Amino acid sequence: GFHFSFFCSFSSIRCFVKTTAVTHPPVLVLVVTVTEKMGGSSSKKKNDSSSSAAAAAEDEAKLEQAQFKEGTFNDGAVDDSYAFWDRNKTFKPKKAIPQKGKQAELHKTIKATMKSTLGGGELRKTVQLPEGEDLNEWIAVNTVHFYNAANMIYGTCAEFCTDESCPVMSAGPKYEYLWKDGVQYKKPTRVSAPVYIDNLLNWVNEQISNSNLFPVDENEKFPRTFMAQIKVIYKRLFRLYCHIYYSHFDKIRAIGANAHLNTCFKHFVFFVLEFHLVDEEELAPLKKLITKFTKET
């Protein structure tokens with residue numbers, strides 16, 4: 001076998017490739033580990049046997065069938081889908097919305113738009129930067145909204161996402177996410193999904209509560225590292241959706257919430273795509289669903 005490694009600006013990527021003659025025909029074994037340098041978690045793409053590959057294909061087929069079933073997507077006001085989750089308990093306390101100032105006005109703009117917006121193309125227009133508004137301000141305000149949404153959605157899943165049912169944080173058999181925060185977890189560490197998500201939501205809340213990163217005073221400027229740090233937030237929130245879709249979609253559908261989940265995720269994805277907030281390789285676990293969303297517009 002052979003080994004090679006290379007480096008890019010934000011990630012250290014190591015790939016190990018080997019073949020084995022245990023099975024017929026020989027199986028190519030590929031494990032890709034991506035470790036962030038910015039104190040983030042890491043993801044591991046696993047495809048270590050023909051049986052796991054078959055399981056992955058079967059899992060993806062079931063997921064695709066469930067997600068793409070006609071009538072799955074919500075065609076009502078987007079605000080209705082968020083209201084559905086809001087009536088349930090949140091996993092963590094919601095981040096309070098400013099009651100005055102520029103950010104309060106932008107939150108009102110988002111809320112009013114969602115009340116009147118249908119899915120598809122109209123939803124995609126709502127994520128665009130309003131004329132005359134500051135890009136960083138718009139992204140900051142929406143980030144608080146998407147954190148609260150993810151918090152509400154996972155609050156519904158928390159009772160059946162346990163250490164026993166989800167011993168690793170994964171998106172099907174092909175993708176596993178390791179946690180690293182540079183404080184309690186100094187190295188990428190395998191943890192259960194509920195532990196990972198608990199850490200994730202706590203960490204995001206810390207970021208959006210940090211006035212140095214999310215200025216409260218309208219006269220304060222956003223730091224030069226704002227976009228780089230924002231991208232880590234969106235990458236991690238995306239992983240939460242990945243886990244929910246792959247591990248808990250059946251239960252979400254059983255309580256009649258699949259359309260609401262799809263609508264909220266579609267809103268999140270359109271925002272991510274509009275401002276290029278998540279790398280293409282990170283989108284891979286839900287690429288088929290994302291492609292369907294974009295084709296509907």
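Look up: the structure comes first, before these words.
Quick summary incoming for the structure in this document. (Residues numbered from 1 in each chain as written. Predicted model: local features only at pLDDT ≥ 70, side-chain atom pairs only at ≥ 80, totals over all residues. Heavy atoms only, no water.)

If you walk through the whole model with that rule in mind, you get 16 aromatic pairs. An angle of 85° between the planes, with centres 5.4 Å apart, marks the rings of Phe146 and Phe268 as edge-to-face. Taken together, the residues Phe146 in helix α5 (residues 135–157) and Phe268 in helix α8 (residues 258–275) connect sequence positions 122 residues apart. In this structure Phe268 comes out as buried when scored by relative accessible area, which is 1%. Judged by centre distance (5.9 Å) and plane angle (25°), the rings of Tyr234 and Phe271 are stacked. With Tyr234 in helix α7 (residues 226–254) and Phe271 in helix α8, this pair connects stretches of sequence that are 37 residues apart. Neither residue differs from the other here; Tyr234 and Phe271 are each classed as buried. Feature note: the residues Phe146, Tyr234, Phe238, Tyr241, Tyr245, Phe249, Phe265, Phe268, Phe271, Phe275 and Phe293 constitute an aromatic cluster, connected by ring pairs. For Arg124, the ring lying beneath its charged end belongs to Phe270, and the centroid distance is 5.1 Å. (Phe/Tyr/Trp six-rings, centres within 6.5 Å; stacked < 30°, edge-to-face > 60°. Helix = DSSP H or I, 4+ residues; strand = E, 2+ residues; numbered from the N terminus. Buried < 20%, exposed > 50% of the residue type's maximum accessible area, 1.4 Å probe, protein only. Lys NZ or Arg CZ within 6 Å of the ring centre and 35° of its normal.)

Of all hydrophobic cores here, the largest spans 65 residues; its most connected members are Tyr234, Phe265, Phe268 and Phe271. Elements with a minimum of two residues in this core: α5, β6 (175–178), α6 (193–208), α7, α8 and α10 (287–296). Examining the composition of this core, we find that 15 residues originate from one element, α7, more than from any other. (Core = buried A, V, L, I, M, F, W, Y, C linked by side-chain atoms within 4.5 Å.)

Taken as a whole, this structure holds zero disulfides when the rule is applied. Cys161 provides the cysteine sulfur closest to Cys157, a residue in no disulfide bond, and the two sulfurs are 7.4 Å apart. (Disulfide = S-S within 2.5 Å.)

Structurally, His243 can be placed in helix α7. A polar contact of 3.3 Å, which involves the side chain of His243, links it to the side chain of His248. Setting aside chain neighbours within four positions, we find His243 in contact with Cys161, Cys166, Val168, Met169, Ser170, Ala193, Ile197 and His248. (Polar contact = N/O pair within 3.5 Å; in protein donor to acceptor, adjacent residues only side chain to side chain. Contact = heavy atoms within 4.5 Å.)

This part is about unusual backbone geometry. The phi angle at His276 is positive, at roughly 55°, despite the residue not being glycine. The topology assignment puts His276 in the loop between α8 and α9 (280–283).

Among the structural elements, Asn212 can be located in the loop between α6 and α7. Assessed through its relative accessible area of 62%, Asn212 is described here as exposed. Residues Asn212 and Phe222 lie 10 residues apart in sequence; the distance between their C-alpha atoms is 7.5 Å.

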